[in-house]
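Chain and residue survey
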Amino acid sequence: MEEKYEQIQRFLQVCDDLVGGTFHDADAEISGALRAVAESKELTNLFGAVTAGYDFPAAKRAYLRISRAGTGRGVAYLPSARNEVLAFVFCLFVEFDTGKLHLNDFLLRYFYVDGSYTASYSLFADRMIRPFRDIVRDCYPDCGKRGQYARAAEKRDRILGEIAERLTVERARILKLALREEERDDAEKLFPALIAAAGRRDVGGLLALLSGYRYFLKYINDAGSGEIFALAASLETV
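Residues numbered from 1 in each chain as written. Predicted model: local features only at pLDDT ≥ 70, side-chain atom pairs only at ≥ 80, totals over all residues. Heavy atoms only, no water.

**Comments concerning the nonpolar core**
Ranked by internal contacts, the top residues of the largest apolar core, which has 45 residues, are F11, F47, F93, F124 and F132. Of all elements in the fold, only α1 (2-20), α2 (23-38), α3 (41-51), α4 (56-63), α5 (82-98), α6 (103-110) and α7 (117-139) reach the threshold of two or more residues within this core. Residue contributions to this core peak at 10 residues, all from α5. Apart from residues no more than four positions distant in its own chain, F11 is found in contact with A33, A36, V37, L43, F47, F132 and V136. In this structure, A164, L190, Y213 and L235 belong to the second largest nonpolar core, which totals 25 residues. (Core = buried A, V, L, I, M, F, W, Y, C linked by side-chain atoms within 4.5 Å. Buried < 20%, exposed > 50% of the residue type's maximum accessible area, 1.4 Å probe, protein only. Helix = DSSP H or I, 4+ residues; strand = E, 2+ residues; numbered from the N terminus. Contact = heavy atoms within 4.5 Å.)

As structure tokens, then:
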């Protein structure tokens, strides 16, 4: 579940970067957005659904209009239906990424601002990418700042903080035991690694190290702190 939210959040972050970014980085970020879609089953299903049977050539004729004034420039519109906005902008991203459309030509043709790629891109990002991003965000409200993903991340961080505190107490307790030299050396290696993993929010690394610590406790015939292992078990359900 957490991985699903992380994948969607990663896509939304790339869209944020596109909205607030520059023309210079746009091609790479558009490719990054498409990679994020490919890595997410949820997003792949979403864009697969909105583009199924979608006539993009007809949509381009409808929403990308060339002026009759003979300047070669025109104006771009977004569809009124939210699902069509998703399909239209996603298909634009695909054509930019494959080179069928060139972003620089597209910007100066449909979002022309004083011949500036920078200003033209800002207009494009505000009028097309921003609403596209906001619709995707609305599709996954749990990925918002106050959504389920954020709440899960806050809970995970709180548990990791508690584990780090208890590991510090546990370290002091273990080192007071009558350990053999090699056992003390092992403890001195394990605890810094455990505390560091909790501190950097490395759940996978922490759980792996705790498995090793469990065997260490059996070796020295000590029950250890049940609270630490209970907290660790709760991480797997967040």
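**A short note on α7**
Taking 1.5 Å per residue as the helical rise, α7 with its 23 residues ought to reach 33 Å, and the 31 Å between its terminal C-alpha atoms agrees with that figure. Along its length, α7 reaches its greatest deviation from straightness, about 40 degrees, at A125. Inspection of α7 places S120, Y121, F124, A125, M128, I129, F132, R133, I135 and V136 among the buried residues, and these make up the whole buried set. (Expected span 1.5 Å × (residues − 1). Bend = angle between axes of the 7 residues up to and from the residue.)

**A few points about the packing of aromatic side chains**
Tallied over the entire structure, the rule returns 19 aromatic pairs. For the pair F11 and F132, a centre-to-centre distance of 6.3 Å together with 75 degrees between the ring planes defines the contact as edge-to-face. Pair noted here: F11 is in helix α1 and F132 is in helix α7, with a separation of 121 residues, a long-range link. Note on F132: relative accessible area 0%, which makes it buried. With 5.5 Å between their ring centres and 75 degrees between their planes, F106 and F124 make a pair best called edge-to-face. Linking F106 in helix α6 with F124 in helix α7, this pair joins segments that are 18 residues apart in sequence. (Phe/Tyr/Trp six-rings, centres within 6.5 Å; stacked < 30°, edge-to-face > 60°.)

**Topic: the pattern of salt bridges**
Tallying each qualifying case throughout the model produces 14 salt bridges. With a closest N to O distance of 3.1 Å, E170 and R173 form a salt bridge. Taken together, the positions of E170 and R173, both in helix α8 (residues 148-175) and 3 residues apart, correspond to about one turn of that helix. Since its relative accessible area comes to 4%, E170 is described here as buried. Residue R173 is classed as partly exposed on the basis of its relative accessible area of 31%. Overlapping salt bridges bring together D16, R133, D134 and R137 as one network. (Salt bridge = Lys/Arg side-chain N within 4 Å of Asp/Glu carboxyl O.)

**Focus: the environment of F106**
Residue F106 is classed as buried on the basis of its relative accessible area of 2%. Ignoring anything within four residues of it in the chain, the contact list for F106 reads L64, L92, F96, F111 and F124.

**Regarding the packing of α6 against α7**
The interhelical angle for the contact between α6 and α7, taken along N-to-C directions, is 80 degrees, at an axis separation of 9 Å. Taken together, the axes of α6 and α7 are roughly perpendicular relative to one another. Where α6 abuts α7, its residues L103, N104, F106, L107 and L108 lie against Y117, S120, Y121 and F124. Its residues assigned to classes, the contact of α6 with α7 shows 7 nonpolar, 2 polar and no charged. (Axes fitted to C-alpha atoms, helices over the stretch in contact; angles between N-to-C directions. Parallel < 35°, antiparallel > 145°, perpendicular 65-115°, else oblique. Nonpolar A, V, L, I, M, F, W, Y, C, P; charged D, E, K, R; others polar.)

**What to know about the environment of R173**
A C-alpha to C-alpha distance of 9.8 Å links R173 and S225, two positions 52 residues apart in sequence. Dropping the residues within four chain positions of it, R173 is found in contact with D222, G224 and S225.

**Regarding unusual backbone geometry**
Of note in this structure, D114 is not a glycine but carries a positive phi near 55 degrees. With respect to the secondary-structure elements, D114 resides in the loop between α6 and α7. For D114, a relative accessible area of 71% corresponds to the exposed category.

Taken by themselves, the reported measurements are silent on function.
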